[in-house]
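Structure at a glance
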Amino acid sequence: MADASKANPQGVERLGYLGLGLMGTPMTRRLLKAGYQVTVWNRSEGKVAPLAEAGARRAATPRDLLTNADIAFMCVTDAAAVEEVIFGPEGLAAAPGAGKLVVDFSSIHPDAARDLAKRLKAANGAGWIDAPVSGGTKGAEEGTLAIMAGGEADEIERVRPYVQAMARRFTHMGPTGAGQTTKLCNQVIVGCAMAVLAEAARLAVNAGIDANRLPEALAGGFADSIPLQLFVPRMVQGIHSPPLGHMATMLKDLDTVADVAQATSTPVPMATLAGQLFRLAKAARGAEADALEIYKLSAAER
């Protein structure tokens, strides 16, 4: 942190954000709104322009971004995309990294996070925090995300003030990879919840009651939850834009759950079933469809 302090006499570090998708754009907007200097990069220029208009600085490459930032946040699709941003041509690993941190909000395999952290440290000395997020686009827009982190305790505390501009909860779960493992536990719960809520909502519709009133009717009881209140109305009313998350992303995470479960001899029958349902839904609705379209799997043919 000493290097960052020299670059920023006021003690406020220069921030960067790579990956301006469903989550990255609103998270970056919250950093800008909080008054931080943020440099941004995205593979497609179209997503950069609105943030540049809001005050963000443009980076031509990931290397350029880390050269001009002390802490680089990142949220991209999968481990292959993370690999490309770090070790591709003009990637983060090509920039001077001593005293700097990369905070990865992407959801990837815990083993991949540990491997990437080790290789980046060897390449340029930058530190690594794996910090996957939960709360969807709504949480990103409202700054109510839950973020679970793996990494060194002092580095977690260094980034905490900036992360808390984007999240309601930021929890250090252990060493590198622990954040990703915690996200898998989250996805077991969320993926199964989506599948079960789709089933309950379809039962209500087919039995002739107003499924839109389920959240009201069940509020305060043992079935009540944030997913019940948020997901069921969107399922029943067909509200899928903007998506809360893509079908392919949920399936990727549940497939990672299955892989880690096999490696740790952990039975995950419910998550396995949910994964197969999302595989069917992806085939039927498409990889980019809202994950809540799993509800449409059980629709009667017209």
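1. Examining the overall build of the protein chain
A count of helical and extended segments in the protein chain gives 13 helices and nine strands. Principal axes of the C-alpha set define a box for the protein chain whose edges measure 65 × 45 × 35 Å. Burial analysis of the protein chain (302 residues in total) assigns 50% to the buried set. Sequence separation of 24 or more characterises 67% of the internal contacts of the protein chain that already satisfy a separation of 6 or more. Surface accessibility of the protein chain: about 14100 Å² in total, with carbon and sulfur atoms responsible for 56%. When the 30 positive and 31 negative side-chain charges of the protein chain are each reduced to one mean point, those points stand 3 Å apart.

2. Here's the deal with the layout of surface pockets
Quantified by volume, the second largest pocket comes out at close to 250 Å³. If you go around the second largest pocket, the residues you meet are Cys192, Ala195, Val196, Ala198, Glu199, Met270, Leu273, Ala274, Leu277, Ile294, Leu297 and Ser298. Broken down by secondary-structure element, the contributors of at least two residues to the lining of the second largest pocket are helix H9 (178–206) and helix H13 (269–285). A per-element tally of the lining of the second largest pocket places H9 first, with five residues. Partitioned by chemical class, the residues of the lining of the second largest pocket number ten nonpolar, one polar and one charged.

3. Overview of helix H12 (residues 247–263)
End to end, H12 covers 25 Å across 17 residues, agreeing with the expected 24 Å (1.5 Å per residue, within 8%). Along H12, the residues classified as buried are Met247, Met250, Leu251, Asp253, Leu254, Thr256, Val257 and Ala261. Count one or two residues on from H12 and you reach serine 265, which has phi positive near 55 degrees.

4. Notes on the environment of alanine 274
With respect to the helices, strands and loops of the structure, alanine 274 is situated in helix H13. Among all residues touching alanine 274, those that are not within four sequence positions of it are Gly191, Cys192 and Leu254.

5. Concerning the side chain of glutamate 155
Relative to the helices and strands, glutamate 155 is located in helix H8 (residues 153–163). The charged side chain of glutamate 155 is buried without a salt bridge, its nearest counter-charge being lysine 121 at 4.9 Å. With residues up to four places along the chain from it excluded, the contact list for glutamate 155 reads Leu101, Gly127, Trp128 and Ile129.

6. Focus on the nonpolar core
Judged by nonpolar contacts, the single largest core of 34 residues is most densely connected at Tyr17, Met27, Leu31, Phe73, Phe105 and Ile147. Contributions of two or more residues to this core are made by strand E1 (15–18), helix H2 (24–33), strand E2 (38–41), strand E4 (71–74), strand E5 (101–104), strand E8 (145–150), H8 and strand E9 (167–174). For this core, the leading source of residues is H8, giving four residues. For phenylalanine 73, the residues in contact, after removing those within four places along its chain, are Leu15, Gly16, Tyr17, Leu18, Leu31, Val103, Phe105, Tyr162, Val163 and Met166. Ala69, Met74, Ala126 and Trp128 belong to the second largest nonpolar core, which has 25 residues in total.

What counts as what
- Residues numbered from 1 in each chain as written.
- Predicted model: local features only at pLDDT ≥ 70, side-chain atom pairs only at ≥ 80, totals over all residues.
- Heavy atoms only, no water.
- Helix = DSSP H or I, 4+ residues; strand = E, 2+ residues; numbered from the N terminus.
- Buried < 20%, exposed > 50% of the residue type's maximum accessible area, 1.4 Å probe, protein only.
- Contact = heavy atoms within 4.5 Å.
- Areas by Shrake-Rupley, 256 points an atom, 1.4 Å probe, with all protein chains shown as cover.
- Lys, Arg positive; Asp, Glu negative; His and termini not counted.
- Charge placed at Lys NZ, Arg CZ, Asp CG, Glu CD.
- 1 Å grid on protein atoms, 1.4 Å probe; cavity = no way out; pocket = protein on both sides within 12 Å on 5 of 7 lines; lining within 4 Å.
- Points joined across faces, edges and corners; volume = space filled by probe spheres on them.
- Nonpolar A, V, L, I, M, F, W, Y, C, P; charged D, E, K, R; others polar.
- Expected span 1.5 Å × (residues − 1).
- Salt bridge = Lys/Arg side-chain N within 4 Å of Asp/Glu carboxyl O.
- Core = buried A, V, L, I, M, F, W, Y, C linked by side-chain atoms within 4.5 Å.

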